[in-house]
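A structural walkthrough
Letter by letter, the chains look like this.
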Amino acid sequence: MTGAQISGDRRIVAVLGPTNTGKTHYAIERMLGYRTGIMGFPLRLLAREVYDKVVAARGPSVVALVTGEERIVPPRAQYWICTVEAMPEGMGCDFLAIDEIQLCADPERGHVFTDRLLRARGTRETLFLGADTMRGPISALVPGVQFMRRERMSDLVYSGSKKISRMPPRTAIVGFSIDNVYAIAELIRRQKGGAAVVMGALSPRTRNAQVAMYQNGEVDYLVATDAIGMGLNLDIDHVAFSSLSKFDGRRMRQLAPNELAQIAGRAGRGMSHGSFGVTGDAPPLDDGVAQAIMEHRFTPLKKLNWRNSALQFGTVEALIRSLESPPQDETLVRAREADDLIALKSLSQQDEILARTTNAQSVRLLWDVCRVPDFRGISQSEHSGLLGVLFQYLHGSGVVPDDWLARQIKRIDRVDGDIDALSKRLAFIRTWTYVAQRNGWVRDESHWRGETRAVEDRLSDALHERLTQRFVDRRTSVLLRRLKQKEALLAEVNDKGEVTVEGEFVGRLEGFRFSPDKGAQGAEAKALKSASMQALAPQFHLRADRFYNAPDTEIDFTDQGGLMWGEHAVGKLVAGADPLNPQIEVFVDEAAGPDVAQKVERRLQHFISRKINALFEPLLNLQRDEELTGLARGFAFRMVEALGILPRAAVAQEVKDLDQDARGALRKHGIRFGQFTIFMPLLLKPAPTRLRLVLWALSQGLSEFPDSPPAGLVTVPVNADAPEGYDTMCGYRNAGERMIRIDMLERLADMLRNEDSRGGFEAKPDMLSITGMTLEQFADLMQGLGYNADKGERVKAKPVDAVVTETGTPAADVPVMDAAQQAENTPAAAPDETDTAAVTEDNAVADVTPADVPAEVANIADAGAAPVAETLADAAASDPIPETAEIETPVGDAADAKVEEQEMEVFYTFTWGRARNAKGGQRGAGRRGQQAGDGEGRGGAKRGGDGPRGKGGKPRGGKPGKKGGPRQDQGSKTYSARPPKKEKQIDPDNPFAAALMGLKQGD
């Protein structure tokens, strides 16, 4: 039937059936019956094969070939042979056909085929060629479609497993990686005289030469990738799979039965019957799978991958939104994020790119650039970087500069190096071949297309030549000959983990993973691993038994969450639903089998569970305490969730809401309510801290875990790159340039609580001692805690004779304030929105008001009279100190030292530096009249002169220095929470009575 005989109605036909049914041949005949036509194919190799056939039938002047890396378009082209991605749109050809339409379900390229299924049409006839599994989706998505069933012209039989050395002539051995293909080709070269190599990465010229060598009988064997499954028509009698899994661009996965059938169907062309089987590492096929392939029975496809083709080019954001829009038909599912969309998102984050995409034309150009395939396969970031350079050149000058492109090609145009180096260069040149094929991207398109094609051919030829000339050493020869044979290979593992197979060193066993000999490369390394893994199966079981019975002391975890058995990694921790219950991912070679993997996983799970139970016992006891109720139980949950450490500011309101009974119940579990942090001191030890950091990093999903600080240090430098919350999980608090351990911070807070943070105070030796800091470091720490640190310099005081009272106690050189004065001037150590943290029993500070100073002297000091030293000196005149020795230096003469002998010292005055509250006081500063802190030290006794009083009007404070006693500042001023003592009457017989009375009245 010719095109003239077809009615004007548009005809859409789905020609479905297994391989070797003549579908492609039928489509070519239909196309040539029309004046114009276009056919889309999944591979450029298949497109080239059909192009040659059509050229032979109609001549080169009317046939065009368009692929991503090749473009032959004569001026009077009538028939276009293309890859599916390169099919031109809107041409209005009479005939249109899409081959291998079942690729609509492919996770990587399926959305392109689905788009052609939905939108590509010939004006008079459209054919969709593919497998029967597409009948349902096509019927649902293409209105008015007709179906044509074509039966296979020959039988296909499963022949089981055979060794490579026993393969019959006219066999195609299929591998799914370049290394595997090379290894098999080298083996066949040694045993059978040579093999042709066919891979999708080869240039068309090289592929045609290889196929011609096979078709002419120069070699009887073909070693190929799954590229031969997509319609390549060769004289093949038997297809053998060397593997049943492949890398699909994202992960390793098992091949589906319909995919195996697509490749196996290459056996038996025309009326000749064919067979298929497995070899090498591939296990025998299940009976059900083999039968399904022979009878062409496969699970129908339900869903097709789809991506929106109605793109919006107003802005980059609009383009991304349109690409990510969901499908409206239930038969369609949104395709996974393809490489071009990933590249677009990456480039859209660059300000320089966004600055250039100001209109629809520039956005469309950016999208065209992003669609350059990642032939190199190095990394997404490097690919995006290359695309960014291309876009800037194309947007700025309209074309890629000739000198820059020439430099890129020159670096690749070398045929030296090993197989891996040549393979990489071949992948690199494909990128520039693609760029040269794009209309308007280079100045002289024909020149650059010729240059890139020539380099690609030279590299391909050199690669094939290197393969056929390569010799195999004795070790590889022995292992390859015995690969997958029934007789067991003899493997030995010594105490150093060195593995020998049949007396040949092949690598090392590290934990439960085999590391092949690093001296082997390419095919040799593949052969070594294949044979070694088979021979090592018994060794894996023996090692797994030994590991399962190993003590916990032989197992440990790393700061990055790895699990070690001695010096070898055997697994790693992964996040679970609960931070205290992480999961295990084992490092076990697949060849070891599921039993070994499960045994290793169980042993590691036992180890980490016991480790958590031992190091976090207080926390787990808190979690399991069923007697906790209400707010206490809720707070316990927060503690467990935070792994035993909570910044007080984060739970300020919860702490306020806890009553004393609830706090007491929580304290029984070792929880300490500190001023800055609420924590469990037992969990601050180095071992729990190290494990806590790992568990926290897992729960946060961090890609790189921060290390724990060195054990035993009170302060450590702040890690500026650490994630938020790292200091808390370490048991530290950030303060300036250093972090301070939270338990020591609480001790420091107890000391600061007694200081006049409003009037200013200086650092005490005890403060420097517990922090282990210099004065300058301490000043930075205090600023990190919210204090102002005013630096000053003064003459360093030299020791002077102490003024001694009658009892021998040095007189205080500061006035003793009464309770009212103290209540007015006592601030808190640091602000807190909640109640001020109470002083614990261990850290309670006693009021140290000197009881032995005469009341008269104390009153003079209170009244602001003459210096106490002078008053005491006058008093000494009437009551002289007994002479015990000759005094050469009068009291106070040390201050008259010579100026040149004076020594200066630096000091800091600390005051609280944060904002005051609305009443003019400091936030959280003392809160006179409130309960102290969390009630740990004082049982809720109030501070200040208006506090509750005991029997007889005495304040409930206890004696100085005792539990519950009022605190006294250790600085330049003395404060007391006691009510003022009853004033002592002046003795009228005292010689100073008149003076004292006058001073008192003057006050």
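Structure's up top.
Summarised in this report is the structure supplied together with it.

What counts, and at which threshold
- Residues numbered from 1 in each chain as written.
- Predicted model: local features only at pLDDT ≥ 70, side-chain atom pairs only at ≥ 80, totals over all residues.
- Heavy atoms only, no water.
- Helix = DSSP H or I, 4+ residues; strand = E, 2+ residues; numbered from the N terminus.
- Buried < 20%, exposed > 50% of the residue type's maximum accessible area, 1.4 Å probe, protein only.
- Contact = heavy atoms within 4.5 Å.
- Pairing = 2+ DSSP bridges.
- Axes fitted to C-alpha atoms, helices over the stretch in contact; angles between N-to-C directions.
- Salt bridge = Lys/Arg side-chain N within 4 Å of Asp/Glu carboxyl O.
- Phe/Tyr/Trp six-rings, centres within 6.5 Å; stacked < 30°, edge-to-face > 60°.
- Lys NZ or Arg CZ within 6 Å of the ring centre and 35° of its normal.
- Expected span 1.5 Å × (residues − 1).
- Arc of directions from axis to C-beta.
- Left-handed = near helix turned anticlockwise from the far one by under 90°.
- Core = buried A, V, L, I, M, F, W, Y, C linked by side-chain atoms within 4.5 Å.

Helices and strands together make up the secondary structure of the protein, namely 33 helices and 34 strands. Taking all 1003 residues of the protein together, 48% fall into the buried category. Counted over contacts in the protein with a minimum sequence separation of 6, partners at least 24 positions apart contribute 70%.

What the three strands build is an open sheet, ordered β30-β32-β31; its pairing is antiparallel. The open sheet has two edge strands with one neighbour each: β30 (715-717) and β31 (732-735). Strand-to-strand twist of the sheet, defined as the mean angle between neighbouring strand axes without regard to direction, takes the value 30°. Here three bridges tie β30 to strand β32 (residues 738-741), and the two strands are oriented antiparallel to one another. Bridge assignment links Pro717 to a residue of β32, and that residue is Arg738. Of the strands in this sheet, β31 and β32 are in contact with helix α27 (residues 742-752), which crosses β32 at around 80°.

On to the sheet that holds strand β20 (residues 498-501). Across a sheet, paired strands are connected by hydrogen bonds in the backbone, their directions being either parallel or antiparallel. Pairing within the open sheet is antiparallel, and its four strands lie in the order β19-β20-β21-β22. At either margin of the open sheet sits one strand with a lone partner, and together these are β19 (491-493) and β22 (513-516). Along the sheet, successive strands turn relative to each other by an average axial angle of 30°, direction set aside. In terms of strand pairing, strand β21 (residues 504-510) meets β22 through four bridges, oriented antiparallel. Its bridge partner lying in β22, Leu509 is registered against Phe514. Strands β19, β21 and β22 of the sheet are contacted by helix α19 (residues 537-548), whose axis makes an angle of about 30° with β19.

Neither face of strand β10 (residues 171-174) is left uncovered, since the one carrying Thr171 and Ile173 and the one carrying Ala172 and Val174 both have all their residues buried. As judged from the four bridges shared by β10 and strand β13 (residues 238-241), these two strands associate in the parallel manner. Among the inter-strand pairings, Ala172 is bridged to a residue of β13, identified as Val239. Across four bridges, the pairing between β10 and strand β12 (residues 221-224) is parallel. Residue pairing for β12: Val174 is matched across the bridge by Ala224.

With that out of the way, let us pick up helix α1 (residues 23-32). Residues spaced three or four apart along an α-helix point in a common direction, a consequence of the helix completing one turn every 3.6 residues. Among the ten residues in α1, eight count as buried, and that is most of the element. Among the residues of α1, Lys23, Thr24, Tyr26, Ala27, Ile28, Arg30, Met31 and Leu32 are the ones counted as buried.

For the rest of this paragraph, the subject is the pattern of salt bridges. This model, assessed by the stated rule, comprises 38 salt bridges. The partner of Glu70 in a salt bridge is Arg48, and the shortest N-O contact between them spans 2.4 Å. Within this pair, whereas Glu70 is found in the loop between β3 (63-66) and β4 (71-72), its partner Arg48 is found in helix α2 (residues 44-58), the two being separated by 22 residues in sequence. Residue Glu70 is classed as buried on the basis of its relative accessible area of 8%. Residues Glu259 and Arg253 are paired through a salt bridge, measuring 2.9 Å at the closest nitrogen-oxygen approach. Assessed through its relative accessible area of 24%, Glu259 is described here as partly exposed. Salt bridges linked by common partners bring Arg44, Glu69, Arg430 and Glu456 together as one network.

The next point concerns the packing of aromatic side chains. One pass over the full model with this rule turns up 14 aromatic pairs. When the ring of Phe761 is compared with that of Tyr787, the centres are 6.1 Å apart and the planes differ by 85°; the resulting orientation is edge-to-face. Of this pair, Phe761 sits in the loop between α27 and α28 (765-771) while Tyr787 sits in strand β33 (residues 787-795), placing them 26 residues apart in sequence. Take Phe761 and Tyr787: they sit in the same class, and that class is buried. An angle of 45° between the planes, with centres 5.9 Å apart, marks the rings of Phe761 and Phe910 as tilted. Of the two residues, Phe761 is situated in the loop between α27 and α28 and Phe910 in strand β34 (residues 904-912); the sequence distance between them amounts to 149 residues. Of the residues examined, Phe761 reaches a relative accessible area of 4% and is grouped as buried. Since its relative accessible area comes to 0%, Phe910 is described here as buried. Its end group placed over the ring of Phe907, Arg794 keeps NZ or CZ at 4.2 Å from the ring centre.

For Leu129, the position within the fold is in strand β7 (residues 125-130). The exposure class assigned to Leu129 is buried, which follows from its relative accessible area of 0%. As a C-alpha pair, Leu129 and Leu16 span 113 residues in sequence and 5.9 Å in three-dimensional space. Apart from residues no more than four positions distant in its own chain, Leu129 is found in contact with Val15, Lys23, Thr24, Ala27, Ile98, Asp99, Glu100, Ile101 and Gln102.

If you check α19, its first and last C-alpha atoms are 17 Å apart, about what twelve residues at 1.5 Å a residue would give, namely 16 Å. By the burial criterion, the buried members of α19 are Phe540, Arg543, Ala544 and Phe547. When α19 is viewed along its axis, its buried side chains cluster within an angular range of 105° and face the same direction. Along α19, exposed side chains directed more than 90 degrees from the buried face belong to Pro538, Leu542 and Arg546.

Attention shifts here to the packing of helix α21 (residues 617-624) against helix α22 (residues 630-641). The interhelical angle for the contact between α21 and α22, taken along N-to-C directions, is 145°, at an axis separation of 9 Å. Considering the relative orientation of α21 and α22, their crossing is left-handed. Mapping the contact onto sequence places Leu619, Leu622 and Gln623 in α21 and Ala636, Met639 and Val640 in α22.

On to the nonpolar core, then. Grouped together as the largest cluster of nonpolar side chains are 70 residues, with contacts concentrated most on Phe512, Leu580, Leu604, Phe616, Leu622, Phe635 and Leu666. Not counting chain neighbours up to four residues away, the residues in contact with Phe512 comprise Phe540, Arg543, Ala544, Phe547, Trp565, Val570, Phe587, Val588, Asp589, Val596 and Val600.

Next up on the list: unusual backbone geometry. One non-glycine residue with positive phi stands out, namely Glu100, at about 55°. Checked against the element boundaries, Glu100 lands in the loop between β6 (95-98) and α3 (110-119). The backbone phi angle of Leu643 is positive, close to 60°, even though this residue is not glycine. Mapped onto the secondary structure, Leu643 falls in the loop between α22 and β27 (645-647). A relative accessible area of 2% places Leu643 in the buried class.

The next point concerns the environment of Arg166. With respect to the helices and strands, Arg166 occurs in the loop between β9 (156-161) and β10. Sequence separation between Arg166 and Gln191 is 25 residues, and the spatial gap between their C-alpha atoms is 9.9 Å.

Now for the pairing of strand β24 (residues 562-565). Here β24 shows two buried faces, one formed by Gly562 and Met564 and the other by Leu563 and Trp565. As paired strands, strand β23 (residues 555-557) and β24 are joined by three bridges and run antiparallel to one another. In the sheet register, Asp556 faces β24, and the bridge partner there is Met564. Between β23 and β24, which pair antiparallel in sequence order, lie four residues; one of them, Gly561, sits at a positive phi of approximately 85°. In terms of strand pairing, β24 meets strand β25 (residues 568-574) through four bridges, oriented antiparallel. If you follow Met564 over to β25, its bridge partner there is Ala569. The antiparallel hairpin formed by β24 and β25 contains two residues in its connecting segment, where Gly566 sits at a positive phi of about 70°.

It is worth spelling out the environment of Lys798 at this point. Within the secondary structure layout, Lys798 lies in the loop between β33 and α30 (819-825). Taking the relative accessible area as the measure of exposure, Lys798 reaches 42% and is therefore partly exposed.

These values are about where atoms sit, not about what they do.
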